[in-house]
Amino acid sequence: MEVNSTKPSKEVYVCQERLSFVFLVIGTVVISLMMFIGAAGNYLVCFSMFKFSYLKRTLSNYLIFSLAVSDLMVCVSVLPLDIIYWLNFPHWTLGGYACNAWNSLFYTFLTASVMNLLIISGDRFIAIVYPLYYHTWVTFKVVNIAIMSVWFYAVATGVALFLLLVPPDGEHYSFNLGQSEWFKQFLLIVNVLAPFVIMTGLYLKIYAIARHHAQRINSSLSINSDDSSKTFRDTIIREVRLAKALGIIILCFVLCWLPYQIVSFLTLDEIIIEDCNVEIADTVTCWFAYLNSAVNPVLYAYTHRDFKRALRSLLCRRMTDNDDDLRTRSRSRSRTSTLDQRRCTPPQQDTHNNSTKL
């Protein structure tokens, strides 16, 4: 997906034509892999929430579920259009309104992902910094309102972008906001840069408090051994573990999206928009942005104990069922062979027994 806000120059078209074969092969393969891996992984995360009741007991898991939904929607709605684009690169054959819809979906689910991560960061911040007030402040109703607000804002952003974008006339992709260029700055600053700054500040505070809690836990292990202290330590250890998992997810998000946002910030200046190197950089960094949607399920599996348990159960169930079928068949075969032996042996045994009795 390119960042051009005006009609591309002839130099850009020549650049695209020159790189079309390379991008056709690499782009189609990369996007296809990310689409299938991301769709399968995020589907397992979403399905786990419906399948396993113990995941529903933790309110923060609902926030992770909302994030997984946004990643899943990227894989099933944005990436297929991306594949169509690369199969016809550098031409866009679906028409101007489909191009605007593609851009709108892209920013809708980007906004949803960023805002979901921001809410998750706030949830962990309250759990670590204000643990005594967590269950009072963070309730099921509050979590539902937060998730609905995130999706309402994301959908509103996508609808506004679709209405403001000018459909391209030709067969080339464009991102033309016409007289509403300010909206691109709004998307970059309010929907991406500001949440990144807030999440970074929250996590630095979370890290400092979590480190302090870890020191308190280590010092209290040899002093207090009563049940209440043990329960408190277990709670803090769990929250610290979740904070570390959040840090890994946020770090991955920043590494995947930061290059794309840097290119987007640079292309706010129309002077460097029509440059072949910028076109290439924009495309490659956009692939890294898509990669985040495929990586998040892996992060859940390796950093979140509850989801790790659920995903392992889902993935291993098929193997377990096959083993059970084999054991069932082997037991049935052994019973059948035993019955056959019994059917064959009774006459001889009866003759022997009768002779013995006589």
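Residues numbered from 1 in each chain as written. Predicted model: local features only at pLDDT ≥ 70, side-chain atom pairs only at ≥ 80, totals over all residues. Heavy atoms only, no water.

**Points about the overall build of the protein**
Inclusion rule: Helix and strand assignments come from DSSP, with helices taken as H or I runs of at least 4 residues and strands as E runs of at least 2, each series counted from the N terminus. Accessibility here uses a 1.4 Å probe with only protein chains present; expressed as a share of the type maximum, an area under 20% marks a residue as buried, one over 50% as exposed, and anything in between as partly exposed. It only takes one pair of heavy atoms within 4.5 Å for two residues to be counted as in contact. Only the protein chains shown count as cover for residues, with accessible areas throughout obtained via the Shrake-Rupley method and a probe of 1.4 Å.
The number of helices and strands found in the protein is ten helices and zero strands. In the protein, the succession of α and β elements from N to C terminus is α-α-α-α-α-α-α-α-α-α. Taken over 358 residues, the protein has a buried fraction of 46%. Restricting the contact set of the protein to residue pairs at least 6 apart, pairs at least 24 apart contribute 81%. Total accessible area on the protein is roughly 19,200 Å²; 66% of this is exposed by carbon and sulfur atoms.

**A look at the side chain of Ser 104**
Along the chain, the position of Ser 104 falls in helix H3 (residues 96-129). Every residue in contact with Ser 104, bar those within four places of it in the chain, is listed here: Gly 158, Leu 161 and Phe 162.

**Here's the deal with the environment of Thr 108**
Basically, it comes down to this: Here a polar contact means two N or O atoms within 3.5 Å. Within protein one must be a hydrogen donor candidate and the other an acceptor candidate, and residues neighboring in sequence count only if both atoms are side-chain atoms.
Inspection of the secondary structure puts Thr 108 in helix H3. On the basis of relative accessible area, Thr 108 is assigned to the buried category, the value being 9%. Spatially, the C-alpha atom of Thr 108 lies 5.7 Å from that of Val 155, the residues being 47 residues apart in sequence. Setting aside its immediate chain neighbours within four residues, Thr 108 contacts Ala 154, Val 155 and Gly 158. A distance of 2.7 Å separates the side chain of Thr 108 from the backbone oxygen of Ser 104, its partner in a polar contact.

**Details of a nonpolar patch on the surface**
Selection criterion: Patch membership is restricted to residues that have no salt bridge and whose relative accessible area is over 30%. Joining uses 9 Å for like charges and 5 Å for the nonpolar side chains Val, Leu, Ile, Met, Phe, Trp and Tyr. Any carboxyl oxygen of Asp or Glu that lies within 4 Å of a side-chain nitrogen of Lys or Arg is treated as forming a salt bridge with it.
The grouping of Ile 189, Val 190, Leu 193, Leu 258, Ile 262, Phe 265 and Leu 266 at the surface amounts to a nonpolar patch, some 590 Å² of accessible area in total. Those elements that place two or more of their residues in the nonpolar patch are helix H6 (182-221) and helix H7 (227-266). For Ile 262, the position within the fold is in helix H7.

**Quick look at the side chain of Ser 113**
Considering the arrangement of structural elements, one finds Ser 113 in helix H3. Assessed through its relative accessible area of 4%, Ser 113 is described here as buried. Not counting residues within four places of it along the chain, the set of residues in contact with Ser 113 comprises Leu 67, Ser 70, Asp 71 and Phe 253.

**Comments concerning the packing of H3 against helix H5 (residues 140-164)**
To keep it simple, the criterion reads: Lines fitted to C-alpha atoms define the axes here, with helix axes fitted over just the stretch in contact, and angles between the N-to-C directions of these axes take values from 0 to 180 degrees. Any angle between 65 and 115 degrees counts as roughly perpendicular, while under 35 counts as roughly parallel, over 145 as roughly antiparallel, and the rest as oblique. In a left-handed crossing the near helix is turned counterclockwise from the far helix by less than a right angle, and in a right-handed crossing that turn is clockwise. Each residue receives one of three labels: charged for Asp, Glu, Lys and Arg, nonpolar for Ala, Val, Leu, Ile, Met, Phe, Trp, Tyr, Cys and Pro, and polar for the others, Gly being one of them.
Taken N-terminus to C-terminus, the directions of H3 and H5 make an angle of 155°; their axes are 8 Å apart at the nearest point. The angle between the axes of H3 and H5 places the two elements in the roughly antiparallel class. At the point where H3 passes H5, the crossing takes the right-handed sense. Taken together, the residues of the contact of H3 with H5 break down into 15 nonpolar, eight polar and no charged.

**As for the UniProt feature "transmembrane region" (unreviewed entry) in the protein**
For the record, the criterion: UniProt positions are given in the numbering used here, feature names are shortened, and annotations may be inferred rather than shown by experiment.
The sites that UniProt annotates as "transmembrane region" (unreviewed entry) are residues 20-50, 62-86, 106-130, 142-166, 186-206 and 242-260. With 96% helix and 0% strand, residues 106-130 has its two end C-alpha atoms placed 36 Å apart. Spanning residues 142-166, this segment combines 92% helix with 0% strand, and its end C-alpha atoms are found 38 Å apart.

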